Amino acid sequence: MSVFLGRPLTRTEEQLYNYCMNERQAIEFAKYITLPENASFELIENSVAMLLVRVKEAADGHTEIEYVSGQRRDTLRLT
């Protein structure tokens with residue numbers, strides 16, 4: 001089992017970690033996202049979404065993203 005003994009996270013990295021539950025993602029996202037100290041979950045979520053849209057646009061030149069909602073079938077099973 002490996003243990004990460006790196007530096008402490010910044011406040012923004014901590015906020016992003018609490019959103020995405022992935023330390024590496026939080027550190028990378030924090031390079032491009034600035035959040036106020038009392039950022040709401042919705043603000044963090046919108047900031048991450050906008051960052052991902054900017055990355056997608058840079059990659060393929062398109063800003064249109066289609067979201068198709070899914071339905072968890074395992075929660076609908078009757079026992």
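Here the structure is shown first, and the text comes after it.
Residues numbered from 1 in each chain as written. Predicted model: local features only at pLDDT ≥ 70, side-chain atom pairs only at ≥ 80, totals over all residues. Heavy atoms only, no water.

Enquirer: How would you sum up the environment of Pro-36? Please name residues and give values.
Expert: With respect to the secondary-structure elements, Pro-36 resides in the loop between helix 2 (23-30) and helix 3 (41-60). Spatially, the C-alpha atoms of Pro-36 and Gln-15 are 9.8 Å apart, while their sequence positions differ by 21 residues. In contact with Pro-36, not counting residues within four places along its chain, are Arg-11, Gln-15 and Leu-43. (Helix = DSSP H or I, 4+ residues; strand = E, 2+ residues; numbered from the N terminus. Contact = heavy atoms within 4.5 Å.)

Enquirer: Describe the packing of aromatic side chains, listing the residues and the values that go with them.
Expert: Taken as a whole, this structure holds 1 aromatic pair when the rule is applied. Measuring from centroid to centroid gives 5.3 Å for Tyr-19 and Phe-41, while their planes differ by 55°, and the two rings are tilted. A residue pair is termed long-range when its members are at least 10 positions apart, and Tyr-19 in helix 1 (residues 11-20) and Phe-41 in helix 3 qualify at 22 residues. By relative accessible area, Tyr-19 is classed as partly exposed at 26%. (Phe/Tyr/Trp six-rings, centres within 6.5 Å; stacked < 30°, edge-to-face > 60°. Buried < 20%, exposed > 50% of the residue type's maximum accessible area, 1.4 Å probe, protein only.)

Enquirer: Explain helix 1 residue by residue, including any values.
Expert: For helix 1, the full list of buried residues reads Thr-12, Glu-13, Gln-15, Leu-16 and Cys-20. Down the axis, helix 1 shows its buried residues gathered within 160° of arc, on one side only. As for helix 1, its buried residues are in contact with helix 2 and helix 3. Phi for Met-21, located one or two positions after helix 1, is positive at around 55°. (Arc of directions from axis to C-beta.)

Enquirer: A description of the packing of helix 1 against helix 2 should follow, citing residues and the corresponding values.
Expert: How two helices sit against one another is set out by the angle between their axes and by the gap between those axes. The interhelical angle for the contact between helix 1 and helix 2, taken along N-to-C directions, is 130°, at an axis separation of 8 Å. Taken as axis vectors, helix 1 and helix 2 run oblique relative to one another. Note on packing geometry: the crossing formed by helix 1 with helix 2 is right-handed. In contact with Thr-12, Glu-13, Leu-16, Tyr-17 and Cys-20 of helix 1, helix 2 contributes Glu-23, Gln-25, Ala-26, Ile-27, Phe-29 and Ala-30. Among the residues forming the contact of helix 1 with helix 2, the class breakdown is 7 nonpolar, 2 polar and 2 charged. (Axes fitted to C-alpha atoms, helices over the stretch in contact; angles between N-to-C directions. Parallel < 35°, antiparallel > 145°, perpendicular 65-115°, else oblique. Left-handed = near helix turned anticlockwise from the far one by under 90°. Nonpolar A, V, L, I, M, F, W, Y, C, P; charged D, E, K, R; others polar.)

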